[in-house]
Amino acid sequence: EAGVVQSPRYKIIEKKQPVAFWCNPISGHNTLYWYLQNLGQGPELLIRYENEEAVDDSQLPKDRFSAERLKGVDSTLKIQPAELGDSAVYLCASSSGVGEAFFGQGTRLTVV
Amino acid sequence: DAKTTQPPSMDCAEGRAANLPCNHSTISGNEYVYWYRQIHSQGPQYIIHGLKNNETNEMASLIITEDRKSSTLILPHATLRDTAVYYCIVRASTTGANSKLTFGKGITLSVRP
């Protein structure tokens, strides 16, 4: 069974540029999460989807971050414009309801 | 905020048991204890979870105290590949905001040869 797939694996952009991350969850998983992980810290939840509905986006900085999950499968997380402080690892995870969550390898973003 | 407290780091010798402690004194009756680990440059990996009873799987054992205020993750025969950050998380069993995984800083386990 394929795991959670994220792309790209690494991304380097200049500040003020837009960037997008893509996530393909495990087949059949209706719950999808985006987490942000700063160096030396645990992952922090940005947004959680149940199918195509964002049920928890309280930690998503909505002035520059947006996310979508069309048709309740793949998801995209976008930052526009990126700032230096956005440099981090962005993790996607999926689960079947409240079962254990499976994480992708993450996208390491560097903003210069 | 994370509802668990873990020491920042510990080490153990390869081949020996690694016992990772976690305090969760404010845990509610419907909250499970979950353990994840994160090996360098990878996403977190699920290990085990439990409610009241001790649990064991192919990766580890989870011992939960009778009052449920603390637990211990046991890796019976640690190997160098077990070097990672281990996160103890309490999580509600039902859907809703409390079912999300809230990570703390975790405990860094270093397995020495």
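Structure shown above.
Below: a short report on this structure. Worth saying up front: this structure is predicted, and the values here are computed from it rather than measured.

1. Description of the interface of chain A and chain B
Working step 1: Contacts between the two partners involve 19 residues from chain A, matched on the other side by 22 residues from chain B.
Working step 2: Together, the buried faces of chain A and chain B total about 1,600 Å²; carbon and sulfur atoms form 50% of this surface.
Working step 3: Taken together, the connections running from chain A to chain B amount to zero salt bridges.
Working step 4: Elements represented by at least two residues in the side of chain A that touches chain B include exactly strand E4 (31-37) and strand E5 (44-50) of chain A.

2. Examining the environment of Glu44 of chain A
Residues and elements named next belong to chain A.
Working step 1: On the secondary structure map, Glu44 appears in strand E5.
Working step 2: Under the relative-accessibility criterion, Glu44 is labelled partly exposed at 42%.
Working step 3: The spacing of Glu44 and Gln59 is 15 residues in sequence and 8.5 Å in space, taken between C-alpha atoms.
Working step 4: In contact with Glu44, other than residues within four places in its own chain, are Trp34, Tyr35, Leu36 and Asn38.

3. A short note on the pattern of salt bridges
Residue and element names in this part refer to chain A.
Working step 1: Per the counting criterion, the structure on display carries seven salt bridges over all chains.
Working step 2: A salt bridge links Asp57 to Lys62; its shortest N-O distance comes to 3.8 Å.
Working step 3: Look at Asp57 and you get partly exposed, because its relative accessible area is 29%.
Working step 4: Salt-bridge contacts for Arg64 lead to Asp86; the nearest nitrogen and oxygen are separated by 2.6 Å. Here Arg64, found in the loop between strand E6 (53-56) and strand E7 (65-68), pairs with Asp86, found in the loop between strand E8 (75-79) and strand E9 (88-95); they are 22 residues apart in sequence, far enough to count as distant. Judged on exposure class, the residue Arg64 and its partner Asp86 are both buried.

4. Brief notes about the state of the cysteines
A disulfide bridge is the covalent bond that connects two cysteines by way of their sulfur atoms.
Working step 1: Under the defined criterion, the tally for this structure stands at two disulfides over all chains.
Working step 2: Residue Cys23 of chain A pairs covalently with Cys92 of chain A via a disulfide, S to S 1.9 Å. Torsion about the S-S bond of the Cys23 of chain A and Cys92 of chain A cystine: about -70°, corresponding to left-handed handedness. Placement of the pair is Cys23 of chain A in strand E3 (residues 19-24) and Cys92 of chain A in strand E9, with a sequence separation of 69 residues.
Working step 3: For Cys23 of chain A, a relative accessible area of 0% translates into the label buried.
Working step 4: At a sulfur-sulfur separation of 2.1 Å, the disulfide partner of Cys22 of chain B is Cys88 of chain B. Classification of the bridge connecting Cys22 of chain B and Cys88 of chain B rests on its S-S torsion, roughly -85°, and on that basis the disulfide is left-handed.

5. Regarding the environment of Gly72 of chain A
Residue and element names in this part refer to chain A.
Working step 1: As for its placement among the helices and strands, Gly72 is situated in the loop between E7 and E8.
Working step 2: Here the alpha-carbon distance between Gly72 and Gly106, two residues 34 residues apart in the chain, equals 20 Å.
Working step 3: Apart from residues no more than four positions distant in its own chain, Gly72 is found in contact with Asn51 and Glu52.

6. Quick word on the packing of aromatic side chains
Working step 1: Applying the stated criterion across every chain yields a total of twelve aromatic pairs over all chains.
Working step 2: Between Tyr87 of chain B and Phe103 of chain B, the aromatic rings sit 5.1 Å apart at their centres with planes inclined by 90°, giving edge-to-face as the arrangement. With Tyr87 of chain B in strand E8 (residues 84-92) and Phe103 of chain B in the loop between E8 and strand E9 (107-112), this residue pair connects regions lying 16 residues apart in the sequence.
Working step 3: The exposure class assigned to Tyr87 of chain B is buried, which follows from its relative accessible area of 3%.
Working step 4: Site record: aromatic cluster; members linked through ring pairs are Tyr33, Tyr35 and Phe103 of chain A together with Tyr32, Tyr34, Tyr36, Tyr46, Tyr87 and Phe103 of chain B.
Working step 5: For the cation-ring pair, Arg91 of chain B lies above Tyr34 of chain B, with the distance from its terminal atom to the ring centre recorded as 5.2 Å.

What counts and how
- Residues numbered from 1 in each chain as written.
- Chains lettered and ligands numbered in written order.
- Predicted model: local features only at pLDDT ≥ 70, side-chain atom pairs only at ≥ 80, totals over all residues.
- Heavy atoms only, no water.
- Contact = heavy atoms within 4.5 Å.
- Buried area = accessible area lost by both parts, 1.4 Å probe.
- Salt bridge = Lys/Arg side-chain N within 4 Å of Asp/Glu carboxyl O.
- Helix = DSSP H or I, 4+ residues; strand = E, 2+ residues; numbered from the N terminus.
- Buried < 20%, exposed > 50% of the residue type's maximum accessible area, 1.4 Å probe, protein only.
- Disulfide = S-S within 2.5 Å.
- Phe/Tyr/Trp six-rings, centres within 6.5 Å; stacked < 30°, edge-to-face > 60°.
- Lys NZ or Arg CZ within 6 Å of the ring centre and 35° of its normal.

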